[in-house]
Amino acid sequence: MIITVMGATGHTGHAVATQLLEAGVAVRALGRSAERLAGLAAAGADVRTGDAGDAAYLTEAFSGADAVYTLLPYDPVIAGYRAAQRRIGAAVVAAVRAAGVPKVVFLSSVGADRPSGTGFVLTLHEQEQRLRALAGTDVLILRPGSFFENFEHALPVIEAEGANLDAVAPHVPIPMIASRDIAAAAAHALLELDFEGVEVRELLGPRDLTYTEATRIIGERIGRPGLEYVQIPGEAMAGALVQAGLAPDFAELHVELCHALSSGHVASVQGRTAATTTPTPLEAYAEALAGRALPTA
Ligand SMILES: NC(=O)c1ccc[n+]([C@@H]2O[C@H](COP(=O)([O-])OP(=O)(O)OC[C@H]3O[C@@H](n4cnc5c(N)ncnc54)[C@H](OP(=O)(O)O)[C@@H]3O)[C@@H](O)[C@H]2O)c1
């Protein structure tokens, strides 16, 4: 059995590749840097470097694979987020078609059911549509909630402001999940190949959390008990992101997603069930984050 894994140095892809190797599967691990993929190469992966927007490179990497783990990687610093995502999405689908891949797992997001008003998530909606149009390929769409790992970006803000700031409403419950739980679900599906046609599976973490509650949990673990979350206006948030070096269009998409989460426009459609609930609590992630966190104020 051969499985190709895109984004193999990233949050989910690295863990997917590692779990597949541990299960004894032949893995092709994709990324842009042989150096960053060296650990997976040492663990037995066949490393293939290239750009995810290059359909010829992807076709070669997908050829002969029994299944492929796909995602739309991004660079928040480069302007033109949506155009870059569309280019990569089209290349992935062209390569799946050209290589005749029988089974594809795609990392999408909660909110990708919506055709507008969802910030970053819109390009994932579009990619779902491209994948649905494939004939002869079974597609599993994973729709996780917000990654716990996003809180890593809050650490410098907490250091500078003494509070966690963002544009999401403070008391709206939001599904949040550990990327390792997404990887576990993806690896399981890739090993079992237990999907046919087009199937959507939401992955929602162990319970919904508000930003206020999540910030308190993070604060307690990083030595800042009582840490507060403060909602700031979208315009101010976008300005702060640009100040921090992110592309202006990326900052606008972030704010649009914050508003969509706040209004419930981006929300689970499958609801919380045993199948959509995943095990790792935010507390466990926060403990790990504490190792890299700020000194106590
Ligand atoms: N964060 C969230 O809350 C959230 C929620 C739902 C869905 N998502 C979606 O999850 C996806 C990201 O997944 P992830 O976090 O597992 O990935 P990730 O950590 O962002 O990593 C993806 C990897 O892809 C590589 N990469 C970047 N640009 C590339 C390019 N042009 N060509 C080839 N490789 C490239 C990078 O590795 P190298 O630098 O080593 O090449 C990177 O490590 C996005 O589509 C995002 O929208 C995120």
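See the structure above.
None of these values were measured; they are calculated from a predicted model.

**Q** Got a minute to help me understand the sheet that holds strand β4 (residues 67–70) in this structure?
**A** Within a sheet, adjacent strands bond to each other through the backbone by hydrogen bonds, running parallel or antiparallel. Strand order across the open sheet formed by seven strands is β3-β2-β1-β4-β5-β6-β10, with parallel pairing between neighbours. Both edges of this open sheet fall to β3 (46–49) and β10 (198–203), since each of them pairs with a single strand only. Here the average twist between neighbouring strands, direction ignored, is 15°. Relative to strand β5 (residues 103–107), β4 runs parallel, the two being bridged by four bridges. The residue of β5 that forms the bridge with Y69 is V105. Its contacts with the sheet place helix α3 (residues 55–62) against β1 (2–5), β2 (26–31), β3 and β4, and it is angled at close to 165° to β2. The sheet strands contacting helix α5 (residues 121–132) are β5, β6 (138–144) and β10, and the helix crosses β5 at an angle near 170°.

**Q** Would you take a moment to explain the packing of aromatic side chains for this structure?
**A** Given two aromatic rings, one states the distance between the centres and the angle between the planes to describe the pair. According to the stated counting rule, one finds eight aromatic pairs in the structure shown. With a centroid separation of 4.7 Å and 45° between ring planes, the pair formed by F120 and F250 is classed as tilted. Residue F120 is located in the loop between β5 and α5, and its partner F250 is located in helix α10 (residues 248–263); the two are separated by 130 residues in the primary sequence. The buried category is assigned to F250, whose relative accessible area is 7%. In textbook terms, an aromatic cluster arises when at least three aromatic residues are bridged by ring pairs, as seen for Y74, Y81, F120 and F250. The residue whose ring lies beneath K103 is F195, and the NZ or CZ to ring-centre distance is 5.0 Å.

**Q** Would you mind going over the side chain of S108 with me for this structure?
**A** Inspection of the secondary structure assignment puts S108 in the loop between β5 and α5. Taking the relative accessible area as the measure of exposure, S108 reaches 4% and is therefore buried. Within the local environment of S108, its side chain forms a polar contact with the side chain of E128, the two groups lying 2.6 Å apart. Those residues within four positions of S108 in sequence are excluded, and the remaining contacts are L124, E128, I141, L142, R143 and P144.

Conventions adopted
Residues numbered from 1 in each chain as written. Predicted model: local features only at pLDDT ≥ 70, side-chain atom pairs only at ≥ 80, totals over all residues. Heavy atoms only, no water. Pairing = 2+ DSSP bridges. Helix = DSSP H or I, 4+ residues; strand = E, 2+ residues; numbered from the N terminus. Axes fitted to C-alpha atoms, helices over the stretch in contact; angles between N-to-C directions. Contact = heavy atoms within 4.5 Å. Phe/Tyr/Trp six-rings, centres within 6.5 Å; stacked < 30°, edge-to-face > 60°. Buried < 20%, exposed > 50% of the residue type's maximum accessible area, 1.4 Å probe, protein only. Lys NZ or Arg CZ within 6 Å of the ring centre and 35° of its normal. Polar contact = N/O pair within 3.5 Å; in protein donor to acceptor, adjacent residues only side chain to side chain.

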